[in-house]
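Here's the letter readout for the chains.
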Amino acid sequence: MNKNTQLVSLSYISNTAVEISLLGNLRLLAHSFLNNQKYNITGLLIYKNKQFAQVIEGDEDAIERIWSKIQRDTRHTDIQLLSKEPIIHRSFTKWSMLFPESEKAVEYFPEMVEAVRDLEIPANHPLFKMLAN
């Protein structure tokens, strides 16, 4: 089987049908953090006001696998793919998540401190420019 090793960046936004609780966000953080480490995915997931915004970077095969899962995830509605493009270098060195009360995650999952602290938010990234407006 021929593995596709092209680096890709994918950005999307979506809504949720219901507000996700702190417990729900902690579960999402734990699952996503471990899964993204397994597949060497970097980026940032933001959850606020019943909306998700995410950038993920990695090998094209891994990004396609994650994107397919996101599209089937019932927490998402109105998913809008903003961009999917080949990249030469990653904008993020790790995967992180920002959500209301995300600092509480450290109390429950101290091993995931890197996922909620020292967030990397490249100001020139199109997704974050859009969110700033």
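One structure accompanies this document, and this report is about it. Predicted model only: the values in this text are computed from it and were never measured. (Residues numbered from 1 in each chain as written. Predicted model: local features only at pLDDT ≥ 70, side-chain atom pairs only at ≥ 80, totals over all residues. Heavy atoms only, no water.)

Looking only at helices and strands, the protein chain has five helices and five strands in total. Walking the protein chain from its N terminus toward its C terminus, one meets helices and strands in the order β-α-β-β-α-β-β-α-α-α. When burial is assessed residue by residue, the protein chain has 44% of its 133 residues classed as buried. The contacts in the protein chain between residues at least 6 apart in sequence include a share of 78% that link residues at least 24 apart. Accessible surface for the protein chain amounts to roughly 7,700 Å². Of this, 52% is attributable to carbon and sulfur atoms. (Helix = DSSP H or I, 4+ residues; strand = E, 2+ residues; numbered from the N terminus. Buried < 20%, exposed > 50% of the residue type's maximum accessible area, 1.4 Å probe, protein only. Contact = heavy atoms within 4.5 Å. Areas by Shrake-Rupley, 256 points an atom, 1.4 Å probe, with all protein chains shown as cover.)

Scanning the entire structure with this criterion turns up three salt bridges. Among the ionic pairs, K84 bridges to E60, the shortest N-O distance being 4.0 Å. Note that K84 is positioned in strand β4 (residues 77–86) and E60 in helix α2 (residues 60–72), a separation of 24 residues in sequence. Using a relative accessible area of 38% as the deciding quantity, one classes K84 as partly exposed. Under the relative-accessibility criterion, E60 is labelled partly exposed at 22%. (Salt bridge = Lys/Arg side-chain N within 4 Å of Asp/Glu carboxyl O.)

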